[in-house]
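Topology and contacts: notes
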Amino acid sequence: MSNKNQYDIDERDYDDEIDLMDILFLVFRGWKIILASTIVVGVIGTIFAFTRQDVYEAKAKLMVSSGEIYSSRQVDANELSTNQKLVTTYTEVAKSKSVLKEVARKLDMDMGTREVAEKLRVQPVDDTEFINIYYKDTNPQMAARVANEISKEFIVKIKNIMKFENLKIVEMAESPEYPSGTGKKLILAISLVLGAFLGVFVVFVLEFFRNKIRKPEDIERITGCSVIASIPDFELLNVENKKKRQG
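Residues numbered from 1 in each chain as written. Predicted model: local features only at pLDDT ≥ 70, side-chain atom pairs only at ≥ 80, totals over all residues. Heavy atoms only, no water.

**Comments concerning the environment of phenylalanine 154**
Test applied: Secondary structure elements are taken from DSSP: a helix is a run of H or I of four residues or more, a strand is a run of E of two residues or more, and numbering for both begins at the N terminus. Three exposure classes are used, based on accessible area relative to the maximum for each residue type with a 1.4 Å probe and protein chains only: buried under 20%, partly exposed in between, and exposed over 50%.
Here phenylalanine 154 shows up in helix 6 (residues 140–162). Take phenylalanine 154: its relative accessible area is 0%, and that puts it in the buried class. A C-alpha to C-alpha distance of 9.8 Å links phenylalanine 154 and leucine 62, two positions 92 residues apart in sequence.

If you want it as structure tokens, here you go:
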């Protein structure tokens, strides 16, 4: 019984090895398709990477706190906890239409509140009293201006709602030096990898629809019978022998 199981395992390992060799041979045989696909997708990725506009993201930092936080006295733990809870609520106010509409009016921006909101990201810093305001734009100076103006209007809005001022700007936004998001080199690398995978996929699809018998195992799989012997192609052998003698 144990010998039979060992035989089955060895046979499965042999079949897996054969299948792996078939895959490698298939990929090697279709190298032209894979190369062509890689080049085409790579060119498309390069065009996309070098024609798209760079986007810059500026950041302003605010802090939720009473005036006592900025004095030399000890910070009260209850007050600190309350301020941290207010951070989550305040982030929604920063994204409100009234704030964004006023910012667009003051900066004479030719866009609606929805377009401004799409470029805006308000993110509370976990377990702190800080709120980061990010704004993206193709112009780095404009990104910084909008982020700062949103911060100012945000403070005014909170003051009107809470009837006291407990929100202050810690860091003003500055014009970013480098664009944010995916870089051109990364886009190019991703496009080359995708092109190679697409080429391999095409090769396998073509092989799936190719109805040719290439080896004795194909006959066994189709007929369910074992191949006892095979007859070589003598014409092909003669050609190969002639090449060897001439070489």
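So much for the structure itself; the text now carries on.
**What to know about the packing of aromatic side chains**
Counted only if it meets this: Classification of ring pairs uses Phe, Tyr and Trp, with its six-membered ring standing for Trp, and accepts pairs whose centres are within 6.5 Å; under 30 degrees between planes counts as stacked, over 60 as edge-to-face, and the remaining range as tilted.
In this structure the tally under the stated criterion is 1 aromatic pair. Arranged with centres 6.4 Å apart and planes meeting at 85°, the rings of tyrosine 90 and phenylalanine 154 form a pair that is edge-to-face. Of this pair, tyrosine 90 sits in helix 3 (residues 77–94) while phenylalanine 154 is found in helix 6, placing the two residues 64 residues apart along the sequence. Of the residues examined, tyrosine 90 reaches a relative accessible area of 2% and is grouped as buried.

**What to know about the pairing of strand 1 (residues 56–64)**
Using the following cut-off: Pairing between strands requires that DSSP locate at least two bridges from one strand to the other.
When strand 1 meets strand 3 (residues 130–137), the two strands line up antiparallel, connected through 8 bridges. Looking at strand 3, one finds that lysine 61 is bridged to asparagine 132. Where strand 1 lies against strand 4 (residues 167–171), 4 bridges are found, and the strand directions are antiparallel. Across the sheet, valine 64 pairs through a bridge with leucine 167, a residue of strand 4.

**A closer look at helix 2 (residues 31–51)**
The condition is simple: Multiplying 1.5 Å by the residue count of a helix minus one yields the expected span of that helix. The directions considered for the arc run from the helix axis to the C-beta atoms.
Taking 1.5 Å per residue as the helical rise, helix 2 with its 21 residues ought to reach 30 Å, and the 30 Å between its terminal C-alpha atoms agrees with that figure. Turning to helix 2, its buried residues number three or more, namely Ile34, Ser37, Thr38, Val41, Gly42, Gly45 and Ala49. Across the axial projection of helix 2, the buried residues extend over an arc of 130°, all falling on one side. Seen from the buried face of helix 2, the exposed residues on the opposite side, beyond 90 degrees, are Lys32, Ile44, Ile47, Phe50 and Thr51.

**Regarding the nonpolar core**
Cut-off, in case you're wondering: The set of buried Ala, Val, Leu, Ile, Met, Phe, Trp, Tyr and Cys residues whose side-chain atoms join them within 4.5 Å is what this entry labels a nonpolar core. Note on definitions: a residue-residue contact is assigned when non-hydrogen atoms from the two residues lie within 4.5 Å.
Among the nonpolar cores identified, the biggest contains 31 residues, and Met109, Tyr135, Val146, Ile150, Phe154 and Leu167 are the most heavily contacted of them. Every element with two or more residues in this core is listed here: strand 1, helix 3, helix 4 (97–106), strand 2 (120–124), strand 3 and helix 6. Broken down by element, the residue count for this core peaks at 9 residues, all from helix 6. Apart from the residues within four sequence positions on either side, phenylalanine 154 is in contact with Leu62, Tyr90, Val93, Ala94, Val99, Ile131, Ile133 and Leu167.

**Comments concerning the sheet that holds strand 2**
Convention followed: Convention adopted: a line fitted to C-alpha atoms gives each axis, helices being fitted over their contacting stretch, and angles between N-to-C directions are expressed from 0 to 180 degrees.
Within the open sheet, the 4 strands sit side by side as 2-3-1-4. Their pairing is antiparallel. If you trace the sheet from one side to the other, it starts and ends with strand 2 and strand 4, each paired once. Pairs of neighbouring strands in the sheet enclose a mean axial angle of 30°, with direction left out of account.

**Some words on a nonpolar patch on the surface**
So the rule is basically this: Patches in this entry comprise residues that are over 30% relatively accessible and not in a salt bridge; like charges within 9 Å are linked, as are nonpolar side chains (Val, Leu, Ile, Met, Phe, Trp, Tyr) within 5 Å. All accessible areas in this document rest on Shrake-Rupley with a 1.4 Å probe, and a residue is counted as covered only by the protein chains that are shown. Definition used for salt bridges: Asp or Glu carboxyl oxygen within 4 Å of a side-chain nitrogen of Lys or Arg.
Judged by side-chain polarity, Ile33, Leu198, Phe201, Val202, Val205, Leu206, Phe208 and Phe209 come together as a nonpolar surface patch covering roughly 770 Å² of accessible area. Considering each element in turn, the nonpolar patch owes the most residues, 6 residues, to helix 7 (residues 184–208). Of note, leucine 198 is situated in helix 7. Since its relative accessible area comes to 41%, leucine 198 is described here as partly exposed.

**Structural notes on the side chain of serine 96**
Using the following cut-off: In protein, a polar contact requires one atom able to donate a hydrogen and another able to accept it; more generally it is a pair of N or O atoms within 3.5 Å, and residues adjacent in sequence count only if both atoms are side-chain atoms.
Position of serine 96 among the secondary structure elements: in the loop between helix 3 and helix 4. Using a relative accessible area of 19% as the deciding quantity, one classes serine 96 as buried. A distance of 2.7 Å separates a polar side-chain atom of serine 96 from the backbone oxygen of valine 93.

**Points about the pairing of strand 3**
For strand 3, a buried count of 6 out of 8 residues is recorded, marking the element as mostly surrounded by other parts of the structure. Judged from the 5 bridges that link them, strand 2 and strand 3 form a sheet pairing that is antiparallel. Bridge pairing links proline 124 to isoleucine 131 in strand 3. In sequence, strand 2 turns back onto strand 3 through a hairpin of 5 residues, with aspartate 127 there showing a positive phi of about 60°.

**Notes on helix 7**
Compared with an ideal rise of 1.5 Å per residue, which puts 25 residues at 36 Å, helix 7 spans 36 Å between its outermost C-alpha atoms and is within 8% of the ideal. Of the positions making up helix 7, those classed as buried are Ile187, Ser191, Gly195, Gly199 and Val203.

**A word on the confidence of the model for the chain**
What counts here: The score called pLDDT rates the predictor's confidence residue by residue, from a low of 0 to a high of 100.
This prediction gives the chain a mean pLDDT of 78; 69% of its residues lie at or above 70. Averaged pLDDT values over the elements of the chain bottom out at 57 in helix 1 (residues 2–29) and peak at 93 in strand 3. When the criterion is pLDDT under 50, residues 1–18 qualifies, and its contacts beyond four places in sequence or with other chains add up to 1 contact. Long-range and interchain partners of residues 67–75, a stretch whose pLDDT sits below 50, account for 11 contacts in this model, where long-range means more than four residues apart.

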